[in-house]
Amino acid sequence: MELTLDTSIGAVPLELDRADAPCAVNSLVSLARQGFYDDVACHRLSTDEGARLYQCGDPSGTGTGGPGYTFADEWPVTVSHGSDGYQAPPTLYPRGTIAMANTGRPDTNGSQFFLVIGDSVLYPEYTVLGTVGEAGLPLLDAAAAAGHDGSSRLGGGTPTTPVVITGVR
């Protein structure tokens, strides 16, 4: 399924994969149709080696906001978040991946998502729901080149060049 984020830096096409992440895709599409993401900034940019991504989808802009509900993890999350003392080894989230952000606990997906702008090696705790279209990656790269303010304890910070979702189609 195709969706386009109209943003302050241009149109960012997304290719969503319902086969591997039906709940995540259906939630994102439903929220988009309700206007949930309209005028919402991507509040975090990480340019750290191994974790190059934008975090988007929080209307509060704090990293703690969401739609008021959560849903279960999906692919590639199998044994997650150190359950039973086991921590799955890190995995590659390739450039262009769209993955759900969460609170660091199992099954806490909501409205926030990552747009991965560089190959990132993360623990497999983030449901993959699709890919960023090739036309969107250069736009995200250009905005990311301006950097961030370093304000996030998770790495990165508020992007210097704002990326605001103005609508979704």
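Computed from a predicted model, the values in this text were never measured in an experiment.

Caption draft 1: Expanded view of the layout of surface pockets. In this structure, the largest pocket occupies an estimated 820 Å³ of space. When residues of the lining of the largest pocket are traced back to their parent elements, those giving at least two are strand 4 (44-48) and strand 5 (51-56). Considered class by class, the residues forming the lining of the largest pocket number 9 nonpolar, 23 polar and 3 charged.

Caption draft 2: Structural context of helix 1 (residues 22-33). Here helix 1 is 12 residues long and its end C-alpha atoms lie 16 Å apart, about the 16 Å a rise of 1.5 Å per residue gives. Its buried side turned inward, helix 1 meets strand 1 (2-7), strand 2 (10-16), strand 7 (97-100), strand 8 (113-118), strand 10 (128-132) and strand 11 (164-168). Positive backbone phi, approximately 80°, marks G35, located one or two places after helix 1.

Caption draft 3: Summary view of the nonpolar core. Counting residues in each nonpolar core, the largest one holds 31 residues, and the members touching the most others are L14, L16, Y54, F113, L115 and L129. Counting residues per element, the ones that place at least two in this core are strand 1, strand 2, helix 1, strand 5, strand 7, strand 8, strand 10 and helix 2 (137-144). With 6 residues, the single largest contributor to this core is helix 1. Beyond its immediate stretch of four places on either side in the chain, L129 contacts E15, L16, D17, A21, A24, V25, L28, I98, A99 and M100.

Caption draft 4: Up close: the packing of aromatic side chains. Per the counting criterion, the structure on display carries 4 aromatic pairs. Look at Y37 and F113: their rings are 5.7 Å apart centre to centre, the planes differ by 80°, and that puts the pair in the edge-to-face class. One end of the pair, Y37, is in the loop between helix 1 and strand 3 (40-41); the other, F113, is in strand 8, and 76 residues separate them in sequence. Judged by its relative accessible area of 1%, F113 is buried. Note on Y93 and Y126: the rings are 6.2 Å apart at their centroids and 70° apart in plane angle, and the pair reads as edge-to-face. A residue pair is termed long-range when its members are at least 10 positions apart, and Y93 in strand 6 (residues 91-93) and Y126 in the loop between strand 9 (120-122) and strand 10 qualify at 33 residues.

Caption draft 5: Fine view of unusual backbone geometry. Residues W75 and P76 are joined by a peptide bond in cis, for which omega reads 5°. On the secondary structure map, P76 appears in the loop between strand 5 and strand 6. The backbone phi angle of D39 is positive, close to 65°, even though this residue is not glycine. On the secondary structure map, D39 appears in the loop between helix 1 and strand 3. A relative accessible area of 62% means that D39 is categorised as exposed. Residues other than glycine seldom take positive phi values, yet D107 does so here, at roughly 60°. By secondary structure assignment, the location of D107 is in the loop between strand 7 and strand 8.

Caption draft 6: Representation of the state of the cysteines in the model. With the rule as written, the count across this model stands at 1 disulfide. Here C42 engages in a disulfide with C56; their sulfurs sit 2.1 Å apart. Sign of the S-S torsion, about 95° for the bond between C42 and C56, identifies this disulfide as right-handed. Within this pair, whereas C42 is found in the loop between strand 3 and strand 4, its partner C56 is found in strand 5, the two being separated by 14 residues in sequence.

Caption draft 7: Inspection of a negative patch on the surface at higher detail. Together, E2, E15, D17 and D20 line one region of the surface with negative charge. Looking at the element boundaries, D17 is found in the loop between strand 2 and helix 1. The partly exposed category is assigned to D17, whose relative accessible area is 31%.

Caption draft 8: Spotlight on the environment of I165. Structurally, the position occupied by I165 is in strand 11. A relative accessible area of 0% means that I165 is categorised as buried. With 124 residues separating them in the primary sequence, I165 and A41 have C-alpha atoms 5.9 Å apart. Once residues within four sequence positions are removed from consideration, I165 is found in contact with L5, D6, T7, Y37, D38, D39, V40, C56 and F113.

Rules used in this analysis
- Residues numbered from 1 in each chain as written.
- Predicted model: local features only at pLDDT ≥ 70, side-chain atom pairs only at ≥ 80, totals over all residues.
- Heavy atoms only, no water.
- 1 Å grid on protein atoms, 1.4 Å probe; cavity = no way out; pocket = protein on both sides within 12 Å on 5 of 7 lines; lining within 4 Å.
- Points joined across faces, edges and corners; volume = space filled by probe spheres on them.
- Helix = DSSP H or I, 4+ residues; strand = E, 2+ residues; numbered from the N terminus.
- Nonpolar A, V, L, I, M, F, W, Y, C, P; charged D, E, K, R; others polar.
- Expected span 1.5 Å × (residues − 1).
- Contact = heavy atoms within 4.5 Å.
- Core = buried A, V, L, I, M, F, W, Y, C linked by side-chain atoms within 4.5 Å.
- Buried < 20%, exposed > 50% of the residue type's maximum accessible area, 1.4 Å probe, protein only.
- Phe/Tyr/Trp six-rings, centres within 6.5 Å; stacked < 30°, edge-to-face > 60°.
- Disulfide = S-S within 2.5 Å.
- Patch = residues over 30% accessible without salt bridge, like charges linked within 9 Å, V, L, I, M, F, W, Y side chains within 5 Å.
- Areas by Shrake-Rupley, 256 points an atom, 1.4 Å probe, with all protein chains shown as cover.
- Salt bridge = Lys/Arg side-chain N within 4 Å of Asp/Glu carboxyl O.
- Lys, Arg positive; Asp, Glu negative; His and termini not counted.
- Charge placed at Lys NZ, Arg CZ, Asp CG, Glu CD.

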